[in-house]
Amino acid sequence: WVTKLLAWDWPRVAALLEGEKKTGASMRAALALVGRAVPLGLSSAIGSLQTNLPRYVVASSLGPSALAVFGAVSYIPITGHLAVNAVSQAALPLLARDRSEPQASHWRRLGALVAAGAGFGVMILAATALAGPALLGWIYGAEYSQHAGVLLWLMTGAVVTFASVFLGTGTTARGRYKSQLGITAWSFAVVAISIGPLTARYGLNGAAG
């Protein structure tokens, strides 16, 4: 992505700005925008690493066969993540517009989104508790049914994530990019410290938790 930025994006932005009268001011504005967006980029990179960190630990601690099971089961919660992320992206412009309105409207909309995300997550969690083994057996085969506990822990984490996604969207809408980076960094630190001992003691359930 750095190569793409330097070799493709930046030369074309420079060419567009070259024809303007106030190239210097435009370039400074573009650099300021890039600088302001850096915390968001770092936050996304840390979040991606945090998502994949359990897989690295499982591979090194439990071996490739356990990683195959963990990777397969962890794909199921992605469906919920796709839906919640789509709603959060659609809500972002509305939350940003609320900045010009009384704060009560912003918090009311954000509260409704968080409550909806939590409610959606609770429904999925209940369905997983009731039909997790059958779902795994239907998708992957009967041998995966014994890993319903892993799916339940992954769904529990997803429920928390559903609410946090909307909180992160509200933070982005208010322009609190550095705060968002700090929260993401602390979250990654907690996962990085705890994931090894949990996996060593509880196996795949510990990695999922």
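These notes cover the structure that comes with them. (Residues numbered from 1 in each chain as written. Predicted model: local features only at pLDDT ≥ 70, side-chain atom pairs only at ≥ 80, totals over all residues. Heavy atoms only, no water.)

1. Observations concerning the nonpolar core
Next, step 1: F70, V73, L136, V150 and L204 are the most contacted members of the largest nonpolar core, which totals 20 residues.
Next, step 2: By size, the runner-up hydrophobic cluster in this structure holds 10 residues, among which are A91, L95, A158 and F162. (Core = buried A, V, L, I, M, F, W, Y, C linked by side-chain atoms within 4.5 Å. Buried < 20%, exposed > 50% of the residue type's maximum accessible area, 1.4 Å probe, protein only.)

2. What about the packing of aromatic side chains?
Next, step 1: Inspection of the entire model under this criterion finds 2 aromatic pairs.
Next, step 2: With a centroid separation of 5.0 Å and an interplanar angle of 35 degrees, the aromatic rings of Y140 and Y144 are classed as tilted.
Next, step 3: Overall, Y144 belongs to the buried group, its relative accessible area being 17%. (Phe/Tyr/Trp six-rings, centres within 6.5 Å; stacked < 30°, edge-to-face > 60°.)

3. Notes on the side chain of T172
Next, step 1: Mapping T172 onto the fold places it in helix 6 (residues 148-173).
Next, step 2: When near neighbours in sequence (up to four residues on either side) are disregarded, T172 contacts L40, L92, Y177 and Q180. (Helix = DSSP H or I, 4+ residues; strand = E, 2+ residues; numbered from the N terminus. Contact = heavy atoms within 4.5 Å.)

4. Brief notes about the layout of surface pockets
Next, step 1: Approximately 1800 Å³ is the volume attributed to the largest pocket.
Next, step 2: Taken together, 46 residues form the lining of the largest pocket, with G47, Q50, T51, T161 and S164 sitting closest to its centre.
Next, step 3: Sorting the residues of the lining of the largest pocket by element identifies helix 2 (23-61), helix 3 (64-74), helix 4 (78-97), helix 6, helix 7 (177-202) and helix 8 (204-208) as the ones contributing at least two each.
Next, step 4: With 14 residues, helix 6 is the largest single contributor of residues to the lining of the largest pocket.
Next, step 5: In this structure, the second largest pocket occupies an estimated 150 Å³ of space.
Next, step 6: If you go around the second largest pocket, the residues you meet are W1, V2, K4, L5 and D9.
Next, step 7: Its residues assigned to classes, the lining of the second largest pocket shows 3 nonpolar, no polar and 2 charged. (1 Å grid on protein atoms, 1.4 Å probe; cavity = no way out; pocket = protein on both sides within 12 Å on 5 of 7 lines; lining within 4 Å. Points joined across faces, edges and corners; volume = space filled by probe spheres on them. Nonpolar A, V, L, I, M, F, W, Y, C, P; charged D, E, K, R; others polar.)

5. Observations concerning helix 4
Next, step 1: Between its first and last C-alpha atoms helix 4 spans 29 Å; for 20 residues at 1.5 Å apiece the expected length is 28 Å, and the two agree.
Next, step 2: Maximal helix bending in helix 4 amounts to about 35 degrees, located at A91; proline P93 follows within four positions.
Next, step 3: Buried within helix 4 are the following residues: G80, V84, S88, A91 and L95. (Expected span 1.5 Å × (residues − 1). Bend = angle between axes of the 7 residues up to and from the residue.)

6. Comments concerning helix 6
Next, step 1: An ideal rise of 1.5 Å per residue puts 38 Å on 26 residues; helix 6 measures up with 37 Å between its terminal C-alpha atoms.
Next, step 2: Once helix 6 finishes, G175 follows within two positions and takes phi at roughly 75 degrees, a positive value.

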